[in-house]
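# Summary of structural features
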Amino acid sequence: MASLKNINRTTGFTVEKQQLGSTFLAALCAVALLVPEFSKAAEWNVDPIRVELSQEQPTAAIIIRNESDQPSSIQIQAVVWSQLNGKDVYTPTRELLVAPPIATIPPQSDQVIRIALRQSAEGLSEQAYRINLQELPVQSAPGFSGLQVALRIGLPVFVQSKNGDAKPQMSWTVSRLSDNQLKIGMRNRGNAHVLISDLSLYAAGDVTPITGESASTYVLAGQEREWFLKTRASQRIDGSSLRLKASTDADTIDTELVLGRP
């Protein structure tokens, strides 16, 4: 069971702490210094943190454990997950059945969320969804004048294609934007997602990367993604060959790229 306090970055499962009614993540620490107090979000353990369905296995169960000493109410919603110009797009859907849609979990207790396909998998490409778990607001204690923080989790759900052999197919490019900035591009020409993490670029013959990024990024079937990475001002790139290394949930990438310009 994966704790939200110790999330493996290769899972690609998203966690957001939100101010009620608006996004609240990057400014959390700054806000904490400006207000007298704020109520903490729930502490959940979630298992599993990614779901895979198929025609042979059209149902799954997610177990959420409330680790806090207070009841925690959550709303569960299924959304279709697509990507446009490198950005995630979520659309409410009834293609997945989730039950219950709303639940209140007592302290130190578990809640089982069941997921089922409403229809058989169609087409030759993998279908992508997310299950959003949204913490519902609780009534503040009398005299509380701080800020309430709610937890939101997005769990990836992948439905295997009808023929069952969908795979990613990655095509990489690298180009120089300026003396100390490179652009890496990847197009997934396959019919299944790929999760990229620990991406690094090396000059020919070097063992120390000139730039890289450790954050995890999903690229869905037929989509593309760009990374804009800076190198050190003192780092010289001689020649036109670079080596790219990355980890994925499909395979390890170790390939040579020709440095070009956009």
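I will try to describe carefully the structure that is included in this document. Since this is a predicted model, take the numbers as computed values, not measurements.

## A word on the overall build of the chain
Across its full length, the chain carries one helix and 21 strands. Residues counted as buried form 39% of the 262 residues belonging to the chain. Here the contacts in the chain between residues at least 6 apart in sequence split such that 67% fall between residues at least 24 apart. Total accessible area on the chain stands at roughly 14,200 Å², and carbon and sulfur atoms take up 48% of it.

## Let's talk about the environment of Glu43
In this structure, Glu43 sits in the loop between β3 (38-39) and β4 (44-47). Using a relative accessible area of 27% as the deciding quantity, one classes Glu43 as partly exposed. C-alpha separation for the pair Glu43 and Ser72, spaced 29 residues apart in sequence, amounts to 8.9 Å.

## Thoughts on the pattern of salt bridges
Summed over the entire model, instances satisfying the criterion amount to eight salt bridges. We note a salt bridge from Asp249 to Arg50, for which the minimum N-O separation is 2.9 Å. Here Asp249, found in the loop between β20 (241-248) and β21 (252-260), pairs with Arg50, found in the loop between β4 and β5 (51-53); they are 199 residues apart in sequence, far enough to count as distant. Judged by its relative accessible area of 33%, Asp249 is partly exposed. Glu256 serves as the salt-bridge partner of Arg243, at 3.9 Å between the closest nitrogen and oxygen. With Arg243 in strand β20 and Glu256 in strand β21, this residue pair connects regions lying 13 residues apart in the sequence. The class of Arg243 is partly exposed, set by a relative accessible area of 32%.

## Details of unusual backbone geometry
Here the bond from Asp47 into Pro48 is cis, since omega is 0 degrees, no more than 30 degrees from zero. Take Pro48: it is sitting in the loop between β4 and β5. With omega at -5 degrees, the peptide bond leading from Ala99 into Pro100 counts as cis. If you trace the backbone, Pro100 turns up in the loop between β9 (96-99) and β10 (102-105). Notably, Gln108 is not glycine yet its phi reads approximately 55 degrees, a positive angle. Structurally, the position occupied by Gln108 is in the loop between β10 and β11 (109-117). Positioned with a positive phi, Asp198 is a non-glycine residue whose angle comes to about 50 degrees. In this structure, Asp198 sits in strand β16 (residues 194-203).

## A closer look at the nonpolar core
Of all hydrophobic cores here, the largest spans 27 residues; its most connected members are Leu53, Leu96 and Ile131. The leading source of residues in this core is strand β13 (residues 147-159), at five residues. Ignoring anything within four residues of it in the chain, the contact list for Leu53 reads Pro58, Thr59, Ala60, Leu96, Ile115, Leu117, Val157, Phe158, Val159 and Gln160. By size, the runner-up hydrophobic cluster in this structure holds 21 residues, among which are Leu201, Leu229, Ala246 and Leu259.

## Brief notes about the environment of Asn188
Here Asn188 shows up in strand β15 (residues 181-188). Here Asn188 falls in the buried class, since its relative accessible area comes to 0%. Along the sequence, Asn188 and Lys167 sit 21 residues apart, while their C-alpha atoms lie 9.6 Å from each other. Of note is the side chain of Asn188, whose polar atom sits 3.0 Å from the backbone nitrogen of Gly190. For Asn188, the side chain forms a polar contact with the main-chain oxygen of Leu220, separated by 3.3 Å.

Thresholds applied
- Residues numbered from 1 in each chain as written.
- Predicted model: local features only at pLDDT ≥ 70, side-chain atom pairs only at ≥ 80, totals over all residues.
- Heavy atoms only, no water.
- Helix = DSSP H or I, 4+ residues; strand = E, 2+ residues; numbered from the N terminus.
- Buried < 20%, exposed > 50% of the residue type's maximum accessible area, 1.4 Å probe, protein only.
- Contact = heavy atoms within 4.5 Å.
- Areas by Shrake-Rupley, 256 points an atom, 1.4 Å probe, with all protein chains shown as cover.
- Salt bridge = Lys/Arg side-chain N within 4 Å of Asp/Glu carboxyl O.
- Core = buried A, V, L, I, M, F, W, Y, C linked by side-chain atoms within 4.5 Å.
- Polar contact = N/O pair within 3.5 Å; in protein donor to acceptor, adjacent residues only side chain to side chain.

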